[in-house]
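Architecture at a glance
If you want the building blocks of each chain, they are given just below.
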Amino acid sequence: MTSCTAIIAALPREVADLVRGWERRELGHKVLVYTDGRSVVACAGMGAARASLAVDAAMATMPVTRLISAGLAGACDPKLKVGDLVRASAVIDATTAERCGSEESSHVLVSVNRIVSAAEKARLHAEYGADAVDMEAAAVAQMAQEHGLKFQAIKAISDEAEFAMEGLSRFAGPHGEFREYAFALHAALRPAMWRQVIALGRNSSIAISSLIHALHDELNSDQ
């Protein structure tokens, strides 16, 4: 079988530079699928349930042989800096403590069910030895395991271990989207947040650039 990679991301902005010029389809349940005829990228929003929808959409689009959970992540290890890449072939689900994927992994990535605080990142580092935290990789790893597919997580650090911006979870929408307009309005009325908001935007851009380079390399390796 010809190798076909499916990249599963939460938000379209995380992969926009990767899929520029690709065919784009918007499916039901707010799922977006992009394909260039060799690979597929699916985005369905934040969280495990949305990631599962994205995997289903990708597998319905092409005969997938490998799943990559890609996107931005928070650092739990204080040594990791903005733009650093975390590559994991195994992921821990913090809700169940279940480990999904192959036994050997270069990094420890933990998936949670909400956007976490700096204190929670420190707890995950202490409890699981977590290098980074996200919200989708464990669900993607579980589906890869169920379907006998190769799995890898490639995450770029957008917020370091001590970076804190409380209350971000309230801006998660019903379809796993991040309600950017509501967040911008909230922040605009709170000058004390402005420096952190500017830093978050800058850091996210750095992380996305690093992520896109890594994903280009992965897709080129399929050819």
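This section reports on the structure supplied with the text. (Residues numbered from 1 in each chain as written. Predicted model: local features only at pLDDT ≥ 70, side-chain atom pairs only at ≥ 80, totals over all residues. Heavy atoms only, no water.)

What follows is about the overall build of the protein chain. Helix and strand content of the protein chain: five helices and eleven strands. What you see for the protein chain is a C-alpha radius of gyration of 17 Å, in line with the 17 Å of a compact globule of 223 residues. Dimensions along the principal axes, computed over C-alpha positions, put the protein chain at roughly 55 × 35 × 30 Å. A buried classification covers 51% of the 223 residues belonging to the protein chain. Pairs at least 24 apart in sequence give 67% of the contacts found in the protein chain among residues at least 6 apart. Here the protein chain contributes 22 positively and 27 negatively charged side chains, and the mean placements of these two sets differ by 6 Å. (Helix = DSSP H or I, 4+ residues; strand = E, 2+ residues; numbered from the N terminus. Rg over C-alpha atoms; globule rule 2.2 N^0.38 Å. Buried < 20%, exposed > 50% of the residue type's maximum accessible area, 1.4 Å probe, protein only. Contact = heavy atoms within 4.5 Å. Lys, Arg positive; Asp, Glu negative; His and termini not counted. Charge placed at Lys NZ, Arg CZ, Asp CG, Glu CD.)

With that settled, the discussion passes to the environment of Ala42. With respect to the helices and strands, Ala42 occurs in strand 4 (residues 40-43). For Ala42, a relative accessible area of 0% puts it in the buried group. Taking the C-alpha atoms as reference points, Ala42 and Ala54, twelve residues apart in sequence, are found 5.2 Å from one another. Discounting residues that sit within four places of it in the chain, Ala42 has contacts with Ile7, Ile8, Ala9, Leu32, Val33, Ala54 and Ala58.

This part takes up the pairing of strand 5 (residues 66-75). Strand 5 sits mainly inside the fold: ten of its ten residues count as buried. Pairing between strand 1 (residues 5-9) and strand 5: four bridges, direction parallel. Looking at the pairing, Thr5 lines up with Arg66 of strand 5. Examined bridge by bridge, strand 5 and strand 11 (residues 150-159) share nine bridges and lie parallel to one another. Bridge pairing in strand 11 places Ala73 opposite Ile157. Pairing analysis gives two bridges linking strand 5 to strand 10 (residues 132-134), with the strands arranged antiparallel. Looking across to strand 10, one finds that Ala75 is bridged to Ala132. (Pairing = 2+ DSSP bridges.)

We now examine helix 2 (residues 118-128). Quick reminder: α-helices carry 3.6 residues per turn. Residues three or four places apart thus point the same way. Restricting attention to buried positions, one finds in helix 2 the residues Ala118, Lys121 and Leu124. Each buried residue of helix 2 sits inside an arc of 120° when the element is viewed along its axis, so together they form one side. Within helix 2, the exposed residues directed more than 90 degrees away from the buried face are Ala119 and Ala126. For helix 2, the elements touching its buried residues are strand 5, strand 9 (109-111), strand 10 and strand 11. Gly129 sits one or two positions beyond helix 2 and adopts a positive phi of about 70°. (Arc of directions from axis to C-beta.)

Quick look at the pattern of salt bridges now. With the rule as written, the count across this model stands at nine salt bridges. Its salt-bridge partner being Arg20, residue Asp17 comes within 2.8 Å of it at the nearest N-O pair. Exposure remark for Asp17: the relative accessible area of 42% places this residue in the partly exposed category. A salt bridge links Arg24 to Glu26; its shortest N-O distance comes to 3.9 Å. Put simply, Arg66, Arg87 and Glu218 are held in one network by salt bridges that share partners. (Salt bridge = Lys/Arg side-chain N within 4 Å of Asp/Glu carboxyl O.)

A separate point is helix 3 (residues 137-147). All of the buried residues along helix 3 are Ala137, Ala138, Ala139, Val140, Ala141, Met143 and Ala144. Taken from the residues just after helix 3, Gly148 is the one with a positive phi, measuring 65°.

Turning to the side chain of Thr5, a few remarks are in order. Positionally, Thr5 belongs in strand 1. The class of Thr5 is buried, set by a relative accessible area of 0%. A distance of 3.1 Å separates polar atoms of two side chains, one belonging to Thr5 and the other to Arg66. (Polar contact = N/O pair within 3.5 Å; in protein donor to acceptor, adjacent residues only side chain to side chain.)

Tracing the backbone through its elements, the reader meets Leu27 in strand 2 (residues 23-27). Here Leu27 falls in the partly exposed class, since its relative accessible area comes to 32%. In this structure the C-alpha to C-alpha distance between Leu27 and Pro63, which are 36 residues apart in sequence, comes to 18 Å. Aside from chain neighbours lying at most four places away, what touches Leu27 is Val33 and Ala57.

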